[in-house]
Amino acid sequence: MTVPTPSRGTSDLRARMQPRGVMRPAVIEKARNPRGALLRLARYLGRFKLGLLLVFALVLGYTLLGLVGPYLMGVAIDRFISPRQAAGLAGLAAWMLACYVLNNLFQALASWIMADISQRALKRLRTDLFQHLQTLALNFFDRNPAGELMSRLTNDIDAINQAVSQNVTSLVASVLSMVGIVVAMFILDRWLALASVIVLPIMFGFAEFVARYTRKGFRRLQKDLGALNAVMEESISGAKVIKAFRRSEAVVAEFRQRNEEVYHAGIYANTYALLLMPLTSVLGNFFVIVLAGLGGWLALQGLVSVGIIATFINYAQNFINPLRQLANLYNAIQAALAGAERVFEILDTPPEVEDAAEARPLESVRGEVHFEHVDFGYQPGTPVICDMSLEARTGHILALVGPTGAGKTTLMNLLTRFYEADAGRITIDAQDIRDVKKADLRRHMGLVLQDTFLFSDTVMENIRYGRLDASDDEVIQAARMADADHFIRQLPEGYQTLLSERASNLSQGQRQLLSIARAILANPAILVLDEATSSVDTRTEARIQKALLRLMEGRTSFVIAHRLSTIRDADHVLVIDNGQVVEEGTHQQ
């Protein structure tokens, strides 16, 4: 079910549909709080403390084993190779082999456990995001294109997934390895260790410099990907309109421009991210040169052994490897932080106004509706409804007519509490609708809209959407009352026919009859018909009109229409213009 959104000015739409000749520079948006995003992601992972502790133990284990290997090599050089003593060398080699085998085994096990934990955490994050989207007010969806929201549910979550599931263990292992190497160096020889410490701040300084700009780049990249997705989603959904108005070239131009922005954002982000690899290689080679030079001089002075120098050089190379891994991880980590911020932006959006603490249930409804001096505007300072007062009696049909943009649909949006009135009040059976639970209010209301929305499911399930606990027989009975049973049985698989996206394999009239059957099944006390027959031919309208009369029988009904034939059976007619009632009377009057 879709709800009409407030009309917007056409200037934005016209500007968007025009091909651009000049490329506008995209704004680089700095990551506002990457540390906060990281902490919030950590809370999702923190639900699995036991598994994380096991992963940490495994990572610590294979990191220590990785440090033992080079040490044993130095021992082998000093004790067996330099003195040319073969006895004991085979046993030491066996210990080295065991260290490296266990190292790889622990790595594989830690990666498997972490992948399972990360997928569970991301499943929860994805569910939280989707559930929160269902709680947001309609004006949020007015402001955010569907493609942009889809990008956050898919691209941004996928960016987090790649970083968390594949790289968390590598990140922890790299940090532990570097810390362990520094500690081991100081234990073995303080002078060589001090020489190493001089090089380390330079490495980390370069890494921090590059990371700062990489974060900006990946946030911009995720944002531009969202805009590109929005263009693709609109072009696919509006394919008929695009072809009818010969706008294919303009849409392609729009896509090219957005694609160009993604290209430049990707170049910016990845250029800085890829700088780390050559920088760490240069600094790593410099690290080895310093150790080899200083170690050689100390060896000539008899202050250190050749085995210790070999161990230090091995450690230096092993220190560069995790630093290189961190460089490779920056792409994924920064993209994940940018994606996480965009996901948490939605999660931080306040939900739709909840029921008041003292909200009462709405058990039964007679259907007497009053609007009492109601004011409303979609934007502050731009009123759409002005001091509106009207009455709909129980079981009567109230027709609302007037020019486009007069405020007819807005009145129904207020009655269903899709939007809240700025002033005045609306009552049902003398109860202010703000004092009752929204779920109860909407349970007693049925909507049949001009733009019928049907899901990619069977005909049976689309009708059952009106009342999920309805039996198959009740669904079929509702279809008969809506005069839809005949055409449904002619479909390839009858009620089990699977509808395509937006039910494009049905005619407009058939889709409308299904929506009427859905409303009949819901059995509402109050019915809203918003231009329910405006997009069908006169013959189909007559058929739908019969079904609507059956549906409206005994119910309080609001009928929004432009055709006078549609409101022939109305008990009372209101003419709305500029958010006010300018005339009222019967159809004959």
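The structure displayed is predicted, hence computed values, not measured ones. (Residues numbered from 1 in each chain as written. Predicted model: local features only at pLDDT ≥ 70, side-chain atom pairs only at ≥ 80, totals over all residues. Heavy atoms only, no water.)

Novice: What's the story with the pattern of salt bridges in this structure? I'm lost.
Specialist: Two side chains of opposite charge can pair, provided their charged atoms sit close to one another. Overall, the coordinates contain 20 salt bridges when judged by the stated rule. Linking Asp 116 and Arg 120 is a salt bridge whose minimum nitrogen-to-oxygen distance equals 3.0 Å. Note that Asp 116 and Arg 120 are positioned in helix H4 (residues 89–135) at a spacing of 4 residues, about one turn of the helix. With a shortest N-O distance of 3.1 Å, Glu 345 and Arg 152 are connected by a salt bridge. Of this pair, Glu 345 sits in helix H10 (residues 306–347) while Arg 152 sits in helix H6 (residues 146–188), and the two are 193 residues apart along the sequence. Among the residues examined, Arg 152 registers a relative accessible area of 10% and is labelled buried. When salt bridges with common partners are traced through the structure, they connect Glu 254, Arg 258 and Glu 261 into a single cluster. (Salt bridge = Lys/Arg side-chain N within 4 Å of Asp/Glu carboxyl O. Helix = DSSP H or I, 4+ residues; strand = E, 2+ residues; numbered from the N terminus. Buried < 20%, exposed > 50% of the residue type's maximum accessible area, 1.4 Å probe, protein only.)

Novice: Can you walk me through the sheet that holds strand E8 (residues 556–560) in this structure?
Specialist: Through backbone hydrogen bonds, the strands of a sheet pair up, either in parallel or in antiparallel fashion. Ordered by their spatial adjacency, 6 strands build an open sheet running E6-E7-E8-E3-E9-E10, and the pairing between neighbours is mixed. Each having just a single partner strand, strand E6 (445–449) and strand E10 (580–585) make up the two edges of the open sheet. Recorded for the sheet is a direction-independent mean angle of 20 degrees between the axes of neighbouring strands. The pairing of strand E3 (residues 397–401) with strand E9 (residues 572–577) spans 4 bridges and is parallel. By the bridge assignment, Ala 399 is partnered in E9 with Val 573. Strands E3, E6, strand E7 (526–530), E8 and E9 of the sheet are contacted by helix H11 (residues 408–415), whose axis makes an angle of about 145 degrees with E8. (Pairing = 2+ DSSP bridges. Axes fitted to C-alpha atoms, helices over the stretch in contact; angles between N-to-C directions. Contact = heavy atoms within 4.5 Å.)

Novice: Even after reading the chapter, I still don't get the packing of aromatic side chains, so can you show me in this structure?
Specialist: Describing an aromatic ring pair means giving the distance of the ring centres and the angle of the ring planes. Counting across every chain of the model gives 6 aromatic pairs. For the ring pair Phe 376 and Tyr 378, a centre distance of 4.9 Å and an interplane angle of 85 degrees mean the geometry is edge-to-face. Here Phe 376 falls in the buried class, since its relative accessible area comes to 5%. Here the aromatic rings of Phe 455 and Tyr 465 are separated by 4.6 Å at their centres, their planes lie at 40 degrees, and the arrangement is tilted. Taken together, the residues Phe 455 in the loop between E6 and helix H13 (459–464) and Tyr 465 in the loop between H13 and helix H14 (472–481) connect sequence positions 10 residues apart. Classification of Tyr 465 by relative accessible area gives partly exposed; the value is 46%. Put simply, the rings of Phe 376, Tyr 378 and Tyr 419 pair up and form one aromatic cluster. The ring of Tyr 44 carries Arg 47 above its face, with NZ or CZ at 5.1 Å from the centroid. (Phe/Tyr/Trp six-rings, centres within 6.5 Å; stacked < 30°, edge-to-face > 60°. Lys NZ or Arg CZ within 6 Å of the ring centre and 35° of its normal.)

Novice: I would appreciate a short explanation of a nonpolar patch on the surface in the present structure.
Specialist: Together, Leu 171, Val 175, Val 179, Val 183 and Ile 187 make up a nonpolar patch on the protein surface, roughly 430 Å² of accessible area in all. Of note, Val 175 is situated in helix H6. (Patch = residues over 30% accessible without salt bridge, like charges linked within 9 Å, V, L, I, M, F, W, Y side chains within 5 Å. Areas by Shrake-Rupley, 256 points an atom, 1.4 Å probe, with all protein chains shown as cover.)

Novice: Would you take a moment to explain the sheet that holds strand E2 (residues 385–392) for this structure?
Specialist: On the basis of which strands lie adjacent, the open sheet formed by 4 strands has the order E2-E1-E4-E5 and antiparallel pairing. Both outer strands of the open sheet, E2 and strand E5 (431–432), are each paired with one neighbouring strand and no more. Here strand E4 (residues 423–428) pairs with E5 via 2 bridges, running antiparallel. Bridge pairing links Thr 427 to Asp 432 in E5. Contacting strand E1 (369–376), E2 and E4, H11 crosses the sheet at an angle of about 110 degrees to E1.

Novice: What exactly am I supposed to notice about the confidence of the model for the chain here?
Specialist: Regions with low pLDDT should not have their predicted coordinates read in detail. Put simply, the chain has an average pLDDT of 78, and 84% of its residues get 70 or more. Residue range residues 1–31 is modelled with pLDDT below 50. Its contacts to residues more than four positions away, or to other chains, number 53 contacts. (pLDDT = per-residue confidence, 0-100.)

Novice: Looking at this model, I keep getting lost on H11. Mind explaining?
Specialist: Note that an α-helix has 3.6 residues per turn; residues three or four places apart therefore point the same way. Most of H11 sits out of view: 7 of its 8 residues are buried. Listed in full, the buried residues belonging to H11 are Lys 408, Thr 410, Leu 411, Met 412, Asn 413, Leu 414 and Leu 415. Positive backbone phi, at 60 degrees, marks Arg 417, one or two positions downstream of H11.

Novice: How do you make sense of the nonpolar core when you look at a structure like this?
Specialist: Across soluble globular proteins, nonpolar side chains have a tendency to be buried as a group. Ile 463, Ile 488, Leu 514 and Ile 516 are the most contacted members of the largest nonpolar core, which totals 40 residues. In terms of residue count, the dominant contributor to this core is helix H16 (residues 508–522) (7 residues). If sequence neighbours within four positions are ignored, Ile 488 has contacts with Val 459, Ile 463, Ala 479, Gly 494, Tyr 495 and Leu 514. (Core = buried A, V, L, I, M, F, W, Y, C linked by side-chain atoms within 4.5 Å.)

Novice: In this structure, what is going on with the packing of H14 against H16? I would like to understand it.
Specialist: Helix-helix packing: each pair is described by the crossing angle between the helix axes and the interaxial distance. Look at H14 against H16: their axes get within 8 Å of each other, and the N-to-C directions meet at 125 degrees. Classified by the angle their axes make, H14 and H16 are oblique. The handedness of the crossing between H14 and H16 comes out as right-handed. Facing H14, whose interface residues are Glu 474, Val 475, Ala 478, Ala 479 and Met 481, H16 presents Ala 517, Ile 520 and Leu 521. Across the contact of H14 with H16, the residue classes break down as 7 nonpolar, no polar and 1 charged. (Parallel < 35°, antiparallel > 145°, perpendicular 65-115°, else oblique. Left-handed = near helix turned anticlockwise from the far one by under 90°. Nonpolar A, V, L, I, M, F, W, Y, C, P; charged D, E, K, R; others polar.)

Novice: What am I meant to see in the pairing of E10 here?
Specialist: Where a strand is regular, its side chains alternate between the two sheet faces. Bridging between E9 and E10 involves 5 bridges; their strand directions are antiparallel. Note on E10: the bridge partner recorded for Val 575 is Glu 583.

Novice: Could you clarify how one ought to interpret the pairing of E4 in this entry?
Specialist: In this sheet, E4 lies alongside E1 in antiparallel orientation, the contact comprising 5 bridges. Opposite Phe 371, over in E4, you have Ile 426 as the bridge partner. Hairpin remark: E4 followed by E5, antiparallel, with 2 residues in the connecting loop; positive phi at Asp 429, about 55 degrees.

Novice: I tried to follow H14 on my own but got confused; where do I start?
Specialist: Here H14 has its buried residues at Val 475, Ile 476, Ala 478 and Ala 479. In a view along the axis of H14, the buried residues occupy a sector of 160 degrees, so they form one face of it. The secondary structure elements touched by the buried residues of H14 are H13, helix H15 (485–489) and H16. Backbone geometry just downstream of H14 places Asp 483 in the positive-phi region, at approximately 60 degrees. (Arc of directions from axis to C-beta.)

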